[in-house]
Amino acid sequence: MPAPGVQQMMQNLASNPQLMQQMIQNNPMLQQMSQRDPMFAQMMQNPELMRTMLNPQMLQGLLQMQQAMGNAGMGPGALGALG
């Protein structure tokens, strides 16, 4: 579970599209992703989607899935090796 300060920051990002937009503009990697992928840019501006993605329970579930996949030998790139 994230620290309370991190959790508060994530909630602020999720509920404030302007803050997320400012973060994208100040981060060259996010800015480049937004320019290359309009769908990514649109997703980053959707407060409901951001609330869902930054939900602590959702993040905990994703972490558990990632750990389970790593324990099963399905680390990053494992699916690419199948093809």
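Residues numbered from 1 in each chain as written. Predicted model: local features only at pLDDT ≥ 70, side-chain atom pairs only at ≥ 80, totals over all residues. Heavy atoms only, no water.

Caption draft 1: Quick look at the overall build of the protein. What the protein contains, in helices and strands, is seven helices and zero strands. Taken from the N to the C terminus, the helices and strands of the protein come in the order α-α-α-α-α-α-α. The contacts in the protein between residues at least 6 apart in sequence include a share of 43% that link residues at least 24 apart. With an accessible surface of roughly 6,200 Å², the protein has 60% of that area assigned to carbon and sulfur atoms. (Helix = DSSP H or I, 4+ residues; strand = E, 2+ residues; numbered from the N terminus. Contact = heavy atoms within 4.5 Å. Areas by Shrake-Rupley, 256 points an atom, 1.4 Å probe, with all protein chains shown as cover.)

Caption draft 2: Looking closely at the nonpolar core. In terms of nonpolar packing, the biggest core is built from ten residues, these being Met 10, Leu 13, Ala 14, Met 20, Ile 24, Leu 30, Phe 40, Met 44, Met 50 and Leu 54. Broken down by secondary-structure element, the contributors of at least two residues to this core are helix 1 (4-15), helix 2 (17-26) and helix 4 (38-44). In terms of residues, this core owes the most to one element, helix 1, which gives three residues. If we skip the residues at most four places from it in the chain, Ala 14 touches Pro 47, Met 50, Arg 51 and Leu 54. (Core = buried A, V, L, I, M, F, W, Y, C linked by side-chain atoms within 4.5 Å. Buried < 20%, exposed > 50% of the residue type's maximum accessible area, 1.4 Å probe, protein only.)

Caption draft 3: How the structure looks around a nonpolar patch on the surface. Among the surface-exposed residues, Met 39, Met 43 and Met 53 lie close enough to one another that they form a single nonpolar patch of about 270 Å² accessible area. Turning to its location among the elements, Met 53 is positioned in helix 5 (residues 47-53). On the accessibility criterion, Met 53 (32% relative accessible area) is partly exposed. (Patch = residues over 30% accessible without salt bridge, like charges linked within 9 Å, V, L, I, M, F, W, Y side chains within 5 Å. Salt bridge = Lys/Arg side-chain N within 4 Å of Asp/Glu carboxyl O.)

Caption draft 4: Quick peek at the packing of helix 1 against helix 2. Contact pair helix 1 / helix 2: the axes reach a minimum separation of 5 Å and the direction vectors enclose 100 degrees. Here helix 1 is positioned roughly perpendicular relative to helix 2, judged by the angle of their axes. For the pair helix 1 and helix 2, the contacting residues are Asn 12, Leu 13 and Ser 15 in the first and Pro 17, Leu 19, Met 20 and Met 23 in the second. Along the lines of polarity and charge, the residues of the contact of helix 1 with helix 2 split into five nonpolar, two polar and no charged. (Axes fitted to C-alpha atoms, helices over the stretch in contact; angles between N-to-C directions. Parallel < 35°, antiparallel > 145°, perpendicular 65-115°, else oblique. Nonpolar A, V, L, I, M, F, W, Y, C, P; charged D, E, K, R; others polar.)

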